[in-house]
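A look at the structure
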Protein chains: 2
Amino acid sequence: MRALPLAAALLLAAPVSAEVYTTGELGVVIERAAGSVLIVSHTRRAALARIEGLGDLSHASVTFSPDQRFAYVFGRDGGLTKIDLTTQTIANRVIQGGNAIGGAISDDGRLVAVSNYEPGGVKVFDADTLELVADIPMESKTVGLADVPGSRFIVSTWDSGQAWLLDHSADPANPEITVFENVGANPYDALVTGDGRTYIVGLFGEKGLTAIDLWADDPQPVRFLPDYGKDEPDLPVYKMPHLQGWTLAGDSFALPAVGLHQLLWVDAATLTESGRTDLHGQPVFALARPDQREIWVNFAPPDNDTVQVIDTMTHEVIQTLTPGPGVLHMEFTPRGREVWLSVRDENRIEIRDTRTYEVIGEVEAQAPSGIFFTDRAYRLGL
Amino acid sequence: MRALPLAAALLLAAPVSAEVYTTGELGVVIERAAGSVLIVSHTRRAALARIEGLGDLSHASVTFSPDQRFAYVFGRDGGLTKIDLTTQTIANRVIQGGNAIGGAISDDGRLVAVSNYEPGGVKVFDADTLELVADIPMESKTVGLADVPGSRFIVSTWDSGQAWLLDHSADPANPEITVFENVGANPYDALVTGDGRTYIVGLFGEKGLTAIDLWADDPQPVRFLPDYGKDEPDLPVYKMPHLQGWTLAGDSFALPAVGLHQLLWVDAATLTESGRTDLHGQPVFALARPDQREIWVNFAPPDNDTVQVIDTMTHEVIQTLTPGPGVLHMEFTPRGREVWLSVRDENRIEIRDTRTYEVIGEVEAQAPSGIFFTDRAYRLGL
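Residues numbered from 1 in each chain as written. Chains lettered and ligands numbered in written order. Predicted model: local features only at pLDDT ≥ 70, side-chain atom pairs only at ≥ 80, totals over all residues. Heavy atoms only, no water.

**Here's the deal with the overall build of chain A**
Our working rule: Only runs of H or I of at least four residues qualify as helices and only runs of E of at least two qualify as strands under DSSP, and these elements are numbered from the N terminus. Within these notes, the globule rule equals 2.2 Å times the number of residues to the 0.38 power, and the radius of gyration is based on C-alpha atoms. Pairs of residues are marked as contacts when any of their non-hydrogen atoms sit within 4.5 Å. Under the convention used here, a 1.4 Å probe and the Shrake-Rupley method define accessible areas, while residue burial counts only the protein chains that appear.
Assigned secondary structure in chain A consists of one helix and 32 strands. For chain A, the C-alpha radius of gyration of 20 Å lies close to 21 Å, the compact-globule estimate for 382 residues. If one aligns the C-alpha atoms of chain A with their principal axes, the spans along those axes are about 65 × 50 × 40 Å. Relative to all contacts within chain A whose residues are 6 or more apart in sequence, the contacts with residues 24 or more apart total 40%. Of the roughly 13,400 Å² of accessible surface on chain A, a fraction of 48% belongs to carbon and sulfur atoms.

**Details of the sheet that holds strand β25 (residues 294–299) of chain B**
All names here are of chain B. Basically, it comes down to this: DSSP bridges decide pairing: two strands pair if at least two such bridges lie between them. Geometry is summarised by axes, namely lines fitted to C-alpha atoms with helices restricted to the contacting stretch, and by angles between N-to-C directions that run from 0 to 180 degrees.
Reading across from one edge, β24-β25-β26-β27 is the order of the four strands in this open sheet, with antiparallel pairing throughout. Of all strands in the sheet, those bounded by a partner on one side alone are β24 (283–288) and β27 (317–321). The average angle at which neighbouring strand axes cross in this sheet is 20 degrees, direction not considered. Where β24 and β25 come together, four bridges link them in antiparallel fashion. Directly across from Leu 287, in β25, lies its bridge partner Trp 296.

**A short note on the nonpolar core**
Quick note on the threshold: Within this scheme, the nonpolar core is defined by two criteria: the residues are buried Ala, Val, Leu, Ile, Met, Phe, Trp, Tyr or Cys, and they are joined through side-chain atoms within 4.5 Å. We call a residue buried when its accessible area falls under 20% of the maximum for its residue type, exposed when it is over 50%, and partly exposed in between, using a 1.4 Å probe and counting protein chains only.
Ile 83 of chain A together with Ile 83 of chain B are the most contacted members of the largest nonpolar core, which totals 40 residues. Excluding anything up to four places from it in sequence, Ile 83 of chain B contacts Val 37, Ile 39, Ile 51, Leu 54, Arg 69, Phe 70, Ala 71, Val 73, Thr 89 and Ala 91 of chain B. Counting residues in hydrophobic clusters, the runner-up holds 17 residues, among them Ile 200, Ala 211, Phe 224 and Leu 225 of chain A.

**Observations concerning the environment of Leu 328 of chain A**
Residue position: Leu 328 of chain A is located in strand β28 (residues 327–332). Apart from residues lying up to four places away in sequence, Leu 328 of chain A is in contact with Arg 32, Phe 285, Asn 298, Ser 342, Arg 344, Pro 368 and Ser 369 of chain A.

**Section: the pairing of strand β18 (residues 209–213) of chain B**
Residues and elements named next belong to chain B. Most of β18 is tucked away: four of the five residues are buried. Of the pairings in the sheet, the one linking strand β17 (residues 198–203) to β18 comprises five bridges and is antiparallel in character. Residue pairing across strands places Thr 198 opposite Asp 213, the latter belonging to β18. Bridge count for β18 against strand β19 (residues 221–224) is four bridges, and the pairing is antiparallel.

**Overview of the packing of aromatic side chains**
Note the threshold: Between the rings of Phe, Tyr and Trp (Trp by its six-membered ring), a pair exists once the centres lie within 6.5 Å; its type follows the angle of the planes, with under 30 degrees stacked, over 60 edge-to-face, and the other angles tilted. Criterion for a charge above a ring: Arg CZ or Lys NZ at most 6 Å from the ring centre, at most 35 degrees from the ring normal.
Applying the stated criterion across every chain yields a total of nine aromatic pairs over all chains. Look at Trp 296 of chain B and Phe 332 of chain B: their rings are 5.9 Å apart centre to centre, the planes differ by 90 degrees, and that puts the pair in the edge-to-face class. In this pair, Trp 296 of chain B sits in strand β25 while Phe 332 of chain B sits in strand β28 (residues 327–332), placing the two residues 36 residues apart along the sequence. Exposure class is identical for Trp 296 of chain B and Phe 332 of chain B. Each is buried. Among the aromatic residues, those joined into a cluster by ring pairs are Trp 296, Phe 332 and Tyr 357 of chain A. The ring of Phe 70 of chain A carries the charged tip of Lys 82 of chain A above its face, separated from the ring centre by 4.2 Å.

**Thoughts on the pairing of strand β14 (residues 162–167) of chain B**
All names here are of chain B. The buried fraction of β14 is high, at six of six residues. Side chains of β14 alternate between two faces, with Gln 162, Trp 164 and Leu 166 and Ala 163, Leu 165 and Asp 167 buried alike. Here six bridges tie strand β13 (residues 152–157) to β14, and the two strands are oriented antiparallel to one another. Bridging from a neighbouring strand, Ser 156 pairs with Ala 163 of β14. Across five bridges, β14 lies against strand β15 (residues 176–180) in antiparallel orientation. Its bridge partner lying in β15, Leu 165 is registered against Thr 178.

**Here we look at the sheet that holds strand β7 (residues 89–95) of chain B**
Residues and elements named next belong to chain B. As summarised here, the arrangement of the four strands in space is β4-β5-β6-β7, forming an open sheet in which the pairing is antiparallel. Edge positions in the sheet fall to β4 (61–64) and β7, since each of these pairs with one other strand and no more. The average angle at which neighbouring strand axes cross in this sheet is 20 degrees, direction not considered. Relative to strand β5 (residues 70–74), β4 is paired through four bridges, and the arrangement is antiparallel. Across the sheet, Val 62 pairs through a bridge with Val 73, a residue of β5.

**Topic: the side chain of Glu 25 of chain B**
Residues and elements named next belong to chain B. To keep things clear, this is the line we draw: For the purposes of these results, a polar contact is taken to be a pair of N or O atoms within 3.5 Å, where, inside protein, one atom must be able to donate a hydrogen and its partner to accept one; residues adjacent in sequence count only when each atom of the pair is a side-chain atom.
With respect to the helices and strands, Glu 25 occurs in the loop between α1 (6–12) and β1 (26–31). The exposure class assigned to Glu 25 is buried, which follows from its relative accessible area of 0%. At 3.0 Å, the side chain of Glu 25 and the backbone nitrogen of Thr 22 are in polar contact. A polar contact is formed between the side chain of Glu 25 and the side chain of Ser 41, at a distance of 2.7 Å.

**Section: the environment of Pro 302 of chain A**
Residues and elements named next belong to chain A. Along the polypeptide, Pro 302 turns up in the loop between β25 (294–299) and β26 (307–311). For Pro 302, a relative accessible area of 66% gives the class exposed. For the pair Pro 302 and Gln 282, spaced 20 residues apart in sequence, the C-alpha separation works out to 9.0 Å.

**Details of the pattern of salt bridges**
Counted only if it meets this: For this document, the term salt bridge refers to a Lys or Arg side-chain nitrogen within 4 Å of an Asp or Glu carboxyl oxygen.
Applying the stated criterion to the full structure yields 48 salt bridges over all chains. Taken together, the shared-partner salt bridges connect Glu 346, Arg 348, Glu 350, Arg 352 and Glu 362 of chain A into one network.

**Points about the environment of Arg 355 of chain A**
Residue and element names in this part refer to chain A. The residue Arg 355 is located in the loop between β30 (348–353) and β31 (359–364) in this model. For the pair Arg 355 and Pro 172, spaced 183 residues apart in sequence, the C-alpha to C-alpha distance is 45 Å. A distance of 2.8 Å separates the side chain of Arg 355 from the side chain of Asp 291, its partner in a polar contact.

**Examining the side chain of Gln 308 of chain B**
Residues and elements named next belong to chain B. Relative to the helices and strands, Gln 308 resides in strand β26 (residues 307–311). When its relative accessible area of 7% is taken as the criterion, Gln 308 is described as buried. Within polar-contact distance, the side chain of Gln 308 engages the side chain of Thr 320 at 2.9 Å. Apart from the residues within four sequence positions on either side, Gln 308 is in contact with Leu 279, His 280, Ile 295, Trp 296, Val 297, Phe 299, Val 317, Gln 319 and Thr 320.

**Description of the confidence of the model for chain A**
Residues and elements named next belong to chain A. We count it as follows: Here pLDDT means the predictor's own confidence in every residue, given as a number from 0 to 100.
Per-chain confidence: chain A averages 90 in pLDDT, with 91% of residues scoring 70 or above. Scored below 50 in pLDDT, residues 1–17 makes 35 contacts in the model with residues more than four places away or belonging to other chains. Across the interfaces of the predicted complex, the ipTM metric reaches 0.93, alongside a pTM of 0.94.

Okay, structure coming up:
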């Protein structure tokens with residue numbers, strides 16, 4: 001058995017006295033106003049470095065290479081930045097579009113896809129070089145891009161109400177394309193369930209949601225929750241909830257209501273509503289703790305200083321926490337024992353124990369928004 | 001924002017020409033006969049180094065620290081070895097008992113527990129120093145040790161038919177202990193479901209299985225599948241199936257039958273049998289591909305040269321593969337695109353694409369058995 005090449009051995013060998021950082025402990029925090037990101041460690045509850053010059057990071061999202069070495073940051077200005085977490089430098093950066101809304105990495109780690117408002121459609125890049133591999137115009141703004149197992153991506157078109165399934169397994173440059181019509185008026189967001197099976201689309205232009213079972217022999221869009229959507233004209237919608245917030249807890253989905261101070265429980269088997277929980281404000285994210293026993297919810301303004309915790313067995317609110325103004329995002333440590341909360345308006349991240357709910361750490365950050373730990377490298381449907 | 005300390009920077013900074021290895025790409029392969037382990041990379045499909053001197057590694061298992069830096073190897077001879085994956089050295093090793101059967105790490109990463117045949121009971125160690133923190137004799141051999149969220153462990157007692165829940169959250173050295181009586185005669189293995197909620201115990205001395213819902217206000221052992229177990233005296237049981245092989249696929253468990261050439265499908269909600277699939281031999285592991293669309297099964301002698309793939313929608317065998325003699329274990333890459341198969345009697349690991357089923361790589365190993373990738377650092381109930 002050959003030993004490691006010397007160079008690699010040097011990289012891995014640590015003087016006894018030295019600190020060793022592993023990709024397994026890392027994460028990336030978006031500093032949207034500053035156009036920078038922090039590289040953080042969730043095991044040390046600390047920030048390690050700041051990387052600047054990433055452009056407009058409002059609504060930015062992050063995915064990771066399968067070995068956790070690289071973070072791909074998708075900026076609102078169409079910038080796609082590849083960060084090397086081991087050197088804490090920008091490995092590569094391209095402006096791939098004029099106005100982008102998110103991205104995904106294929107399950108083989110070879111392709112990175114970006115969905116665009118301007119010029120619309122989806123562009124697919126080589127994950128190593130960021131060279132353009134495929135350009136798929138769809139004559140529409142695109143939203144809700146996610147990876148589907150088997151070197152595939154799926155995305156929805158805002159203007160034409162379609163979903164496009166792109167299969168790059170045979171020829172990365174020429175994906176096999178399946179277009180699903182009549183997904184609904186103006187899809188605004190979507191997600192793929194954690195098993196990569198079901199694509200769920202939120203609609204802005206009409207009520208209800210659409211699901212597509214990608215395991216079916218002949219997948220078809222199916223409308224469900226026909227009453228779901230904004231249904232109280234006197235109550236403005238401050239922020240459309242993130243469908244990424246959808247989480248399967250036991251046999252139910254916990255779904256943030258639109259424009260209501262409620263969490264909706266949806267039976268996963270029948271896709272029918274099974275209950276509601278009254279909340280402190282309009283929910284934005286409703287995230288299951290990794291053990292799925294609790295749902296953590298943050299809120300739209302003016303209630304975005306608060307986080308509530310709901311028991312998935314009783315559907316009751318068991319905690320109302322007030323980390324501070326501008327709680328924009330929450331990320332659990334991989335096994336769910338701790339949670340990181342972005343407190344934008346106080347320029348800090350608050351870390352709490354998810355069993356005692358006590359504050360156990362804090363990290364300085366400039367107007368932090370999204371928090372992304374490297375365990376996402378292993379998840380499907382992101 | 002302070003930069004990294006120099007030493008750490010050195011560790012993370014790579015000359016452009018050098019190879020960089022990350023903990024995110026690594027795994028550990030047990031070489032049981034040689035008493036050694038290989039450190040491997042699943043993204044490179046390669047072995048990086050061999051570490052020797054780990055003693056008797058038959059039935060050995062591995063868990064990882066939350067940052068993926070350390071692998072804890074639990075040997076059959078009571079040896080507990082802590083391997084530093086970044087230096088590829090043995091960081092620490094203790095002989096904690098005379099005859100051990102497995103271990104687990106707490107969800108806070110602070111405690112490592114080992115279950116023993118001899119002297120019996122469970123010993124709990126400091127994950128950093130491997131110093132003994134708690135010794136819990138149970139007057140019995142113990143099996144089926146797993147972590148439960150909240151700094152807890154659960155284990156079953158072979159001789160007395162109990163399950164012990166150990167809660168180390170308040171005082172690591174003095175766990176709060178809950179004993180469940182009448183779990184059944186001679187538990188031989190057990191598992192905690194991926195959400196950390198349900199403890200399922202396999203029984204050697206009688207038919208049926210036992211489930212304990214750890215989310216219940218007053219958890220109680222519940223017997224189910226009353227006919228499950230060896231029920232054909234003319235068909236010897238070559239190997240008891242591994243309950244770790246239990247996997248929830250959709251709304252069903254796929255369960256290896258005992259002494260039968262069958263896979264049992266069990267409705268997860270009712271814990272009743274919902275169907276059977278005839279197999280090539282006596283199943284040992286039945287593992288769901290991470291997207292849960294397929295179950296991969298290996299077999300006891302004399303059929304252990306074969307692997308079968310079952311569709312979780314149709315319950316039909318869709319592939320019968322013959323990697324070679326002595327397929328002891330299977331491990332999927334984190335997003336399930338590839339699978340590693342130990343082919344013990346040919347001293348190699350075979351790597352296959354899980355979409356095309358084709359062989360895409362091979363790694364030399366000395367009589368390999370268990371394969372453990374570092375994504376396990378993030379999983380509950382291991």
